[in-house]
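Summary of the model geometry
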Amino acid sequence: MEELIRLDNVEDYNRLFGLKTLHPLVSVVDLSEATTFPTRFTLNYGVYALFLKQTMCGDIRYGKQAYDYQEGTITSFAPGQVVFTEMSADTRPLARGLLFHPDLIKGTALGREIKSYSFFSYNSSEALHISDEEKGIFQDCLDKIAQEITRPTDRLSKRLIAGNIQLLLDYCMRFYERQFQTRTSVNRDVLSRFETLLDDYFKGDLPQNEGLPTVRYFADKVFLSPNYFGDLIKKETGRTAQEYIQSKIIDQAKEMVLGSSKSVNEIAYELGFQYPQHFSRVFKKGVGYTPNEYRRLQMAAS
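Cut-offs used in this document
Residues numbered from 1 in each chain as written. Predicted model: local features only at pLDDT ≥ 70, side-chain atom pairs only at ≥ 80, totals over all residues. Heavy atoms only, no water. Core = buried A, V, L, I, M, F, W, Y, C linked by side-chain atoms within 4.5 Å. Buried < 20%, exposed > 50% of the residue type's maximum accessible area, 1.4 Å probe, protein only. Helix = DSSP H or I, 4+ residues; strand = E, 2+ residues; numbered from the N terminus. 1 Å grid on protein atoms, 1.4 Å probe; cavity = no way out; pocket = protein on both sides within 12 Å on 5 of 7 lines; lining within 4 Å. Points joined across faces, edges and corners; volume = space filled by probe spheres on them. Nonpolar A, V, L, I, M, F, W, Y, C, P; charged D, E, K, R; others polar. Polar contact = N/O pair within 3.5 Å; in protein donor to acceptor, adjacent residues only side chain to side chain. Contact = heavy atoms within 4.5 Å.

Naming follows an unreviewed UniProt entry, where the protein appears as Helix-turn-helix transcriptional regulator of Candidatus Gallipaludibacter merdavium.

Details of the nonpolar core
Within the largest apolar cluster, 62 residues are counted, with the highest numbers of intra-cluster contacts made by Phe100, Phe119, Ile165, Leu169 and Phe229. Of all hydrophobic cores here, the second largest spans 21 residues; its members include Tyr13, Leu19, Phe41 and Leu43.

Details of the environment of Gln242
Residue position: Gln242 is located in helix α9 (residues 241-259). Its relative accessible area of 38% is what places Gln242 among the partly exposed residues.

Structural notes on the side chain of Gln81
Inspection of the secondary structure assignment puts Gln81 in the loop between β7 (73-77) and β8 (82-87). On the basis of relative accessibility, which here comes to 7%, the residue Gln81 falls in the buried class.

Brief notes about the layout of surface pockets
In this model, the second largest pocket occupies a volume close to 280 Å³. Lining the second largest pocket are 16 residues; nearest its centre among them are Lys20, Leu22, Val28, Val29 and Glu33. Contributing elements (two or more residues each) for the lining of the second largest pocket: β2 (26-30) and α3 (132-150). Per-element tally for the lining of the second largest pocket: the top contributor is β2, with five residues. Residue classes in the lining of the second largest pocket are distributed as seven nonpolar, five polar and four charged.

Considering the side chain of His23
Here His23 is to be found in the loop between α1 (10-17) and β2. Of the residues examined, His23 reaches a relative accessible area of 18% and is grouped as buried. Separated by 3.0 Å, the side chain of His23 and the backbone nitrogen of Leu25 make a polar contact. Residues contacting His23, with those up to four places away along its chain left out, are Val10, Leu104, Ile149 and Ile161.

Here it is as structure tokens:
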């Protein structure tokens, strides 16, 4: 069974590969300089990590999905993520990257904006693909961070380190957003599958057994992370995945209110609501009337 290793700080990672730690909260790592090479392990990240992979060094898995990375792609992980790695026999890992602890950016502009870098929650079965020129940009950003780490600490050190990390993340966000634009046909296929899955959800007894459909449920079905799935749906439709689901629930509810004599309680249960009051609030917010008011108005108009 593979070893489970908690990376609570950057020193834990450096110790794993026999690298020096120059700063307690941030490290620019070069795995070509590693002196120890674990072969099969699972990392529980407590730090943020970005790596430019120079070689295919083995199999990487995030959850149940294989990580689809190639030479010259960027992998990214965030605190709380668990990643399994199995190194190929006789292969030295060649990658250069950045590790930083969440405490490093607390009280900075980056700390306030870190959640906006959604590639950290990107579908972790796929890396960020970049050009040779962009690899140079990535390396230059790492060089600037490394220079600050090796300088004597002064009152601007934290600000400059955080600022250079933010610059690197901004470039990675550009790479991330471009992958939506270059995969229009794939994205539309995901949207089509989402619509089919959403329709199918209400055809059986899933609502009664599982409750209201969630973004995570559909993301799992199309093998994407919830964040990446949500970003994709937003870019394709202009609505969030949750708004898309909510609209489907309202449409289904309207059909049941007008197409049957079932009570509000029965309809709420069949749609997956735990409480009829919750259903009535959601319906009124979406339609402007309670279910019973809507039924009476439509019957009076017919």
